[in-house]
Amino acid sequence: MTFKYGIDKLSIAKVLAISKGELQAVISKEAVTKIKACREKVVRIASGDKAVYGINTGFGPLCDVQITSAETSLLQKNLLLSHAVGVGNSISKELSKMMMICKVHALCQGYSGVSLALIERIVYFINHNLLPVVPEQGSLGASGDLAPLSHLFLPLLGEGEFWRDDKIITAKEGLDSYNLQPLILQEKEGLGLINGTQFILAHAIIGLEKMDYLLDLADVCGAMSIEGYQGSASPFKESLHRIRPFKGVIKVAQRMRALLKGSQNLYSHMECKRVQDPYSIRCIPQVHGASRNAFEHLKELSEIELNSVTDNPIVLNETEAISGGNFHGQPLAMALDYCALAAAELGNISDRRCYLLLEGKFGLLRLLTTNGGLNSGFMIPQYTTAALVSENKSLCFPASADSIPTSLGQEDHVSMGSISGRKFNQILMNLEKILAIELMYAAQAAEFRRPHTFSEIIEENLKIIRAKVPKLDDDRILKDDIDHLINLVKKQAFIVK
């Protein structure tokens, strides 16, 4: 199977498959035709006397300075050189590759006016894992992701750096190893490369992939904690959720019924005198479901953006190149902030369930240890979940609520979407750790419910846990146990369906 840039619809799953080498991607014949036609329009505009932003003018507040045709190539080169001002740690190689995949598809729509040779070189980088080094800080999310995209495409000019395995090499070394010559940018090409939301978009894609699994895992964690707590399954009845039919909530309720189906443990206390469970048990569908709704919203918007043109100016015909705002990251920035909050809430309610399991109620021993006093048992890992939850709360301030004018006021409202994307992924990394600790707690609580058995999926996940982490009888260093479980979460080793 082959994906055709510029004609096939790009999805999150396809970006991931192309990035992993599981799906071959080529520039379609239809895209070649559109690219060449648009390029001819730019050449005609550049040869005329009319000032057109970014083609024969300066940039930002210098848009009123017209550039001669002899200087247009240097203008485009200087654009990349001057805008490559990123700082901080480098983004992952995976993110760098996804940015290039997203950019190629946008350029292949035929509205950016860059040459076919330029796009072909980026595709060559993708296919041969020539992955540029890109600093993570410096983008305002308008005019697109200027700084990170400048770093991403400096190697086209023989500038900047590439990754070679886990080492950094100069762009010249990387190009020489493949017998490639640096490109000379022509009219509009520099601007076509660095205007766009591909940094924000790549962070959304990688975060959505991770969150997709963590949403399911959070349901599994909740079900396992319910088994340990001997909570009630009645709050998950279909009839209850049919009269408040939010899609995410209905889905989580259905999943909870499936995750608890066939449990001897829950059946054993159906006639007990407990009236209701705490919110972190009985409101799992409402809380997890709300997070699912946010996830679906971001996914929908990201797939629109994947198939959009976020360049500036947009070349519409031989005489018209409109300088608009398609590069503005606000549509993704706000949704990323919302989804970051949704991910944080999964960790918040998970920490509350950990706390419940420590209280020593309904047949559980305090701190889940048989010799409390001499042993602290599982007292302290909940400190860790509390710290991670607090950190996530501090990361939930919406970056998109902020805007700092730049470019002498020409760019007077920016999205800060790059920060939204980075914070979203930081929260998800913390969530992986929180859920790993809940799994450790729930597995220990389940030991107090034996010889009763649980549902098939929970029994299988308990086996996965016990293969790495034994039951706690006496105090030991728990960091090793926690690290084992975090690694299993990161590898998506738990059964969630």
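Residues numbered from 1 in each chain as written. Predicted model: local features only at pLDDT ≥ 70, side-chain atom pairs only at ≥ 80, totals over all residues. Heavy atoms only, no water.

Once that is clear, we can look at the packing of helix α4 (residues 93-107) against helix α5 (residues 116-127). It is at 10 Å that the axes of α4 and α5 come closest, and there the two elements cross at 150 degrees. What the angle tells us is that α4 and α5 run roughly antiparallel. Where α4 crosses over α5, the handedness of that crossing is left-handed. Facing Lys97, Met100, Ile101, Val104 and Leu107 of α4, the residues of α5 in contact are Ile119, Ile122, Val123, Phe125 and Ile126. Of the residues that constitute the contact of α4 with α5, the class distribution is 9 nonpolar, no polar and 1 charged. (Axes fitted to C-alpha atoms, helices over the stretch in contact; angles between N-to-C directions. Helix = DSSP H or I, 4+ residues; strand = E, 2+ residues; numbered from the N terminus. Parallel < 35°, antiparallel > 145°, perpendicular 65-115°, else oblique. Left-handed = near helix turned anticlockwise from the far one by under 90°. Contact = heavy atoms within 4.5 Å. Nonpolar A, V, L, I, M, F, W, Y, C, P; charged D, E, K, R; others polar.)

To continue, consider the layout of surface pockets. Its boundaries defined by the atoms lining it, the largest pocket holds a volume of some 580 Å³. For the lining of the largest pocket, the elements supplying multiple residues, two or more each, are α3 (72-83), α6 (146-153) and α8 (189-194). A total of 3 residues in the lining of the largest pocket trace back to one element, the largest contributor, which is α3. Broken down by class, the residue content of the lining of the largest pocket amounts to 11 nonpolar, 16 polar and 3 charged. Taken as a whole, the second largest pocket spans an internal volume of roughly 440 Å³. In terms of lining residues, the second largest pocket is bounded by 20 residues, among which Leu95, Ile206, Lys210, Asn425 and Met429 are the most central. Secondary-structure elements contributing two or more residues to the lining of the second largest pocket are α4, α9 (198-229), α17 (417-447) and α19 (479-490). Element by element, the count of residues in the lining of the second largest pocket is highest for α9, at 6 residues. Looking at the lining of the second largest pocket residue by residue, the classes come out as 7 nonpolar, 6 polar and 7 charged. (1 Å grid on protein atoms, 1.4 Å probe; cavity = no way out; pocket = protein on both sides within 12 Å on 5 of 7 lines; lining within 4 Å. Points joined across faces, edges and corners; volume = space filled by probe spheres on them.)

Counted by the stated rule, this structure contains 1 cavity of 30 Å³ or more. As for the largest cavity, its lining consists of Cys102, Ala106, Thr197, Gln198, Leu201, Glu305, Leu306, Ser308 and Thr310. When contributions to the lining of the largest cavity are tallied by element, the ones reaching two or more residues are α4, α9 and α14 (284-306). Partitioned by chemical class, the residues of the lining of the largest cavity number 4 nonpolar, 4 polar and 1 charged.

The analysis is restricted to geometry; functional conclusions fall outside its scope.
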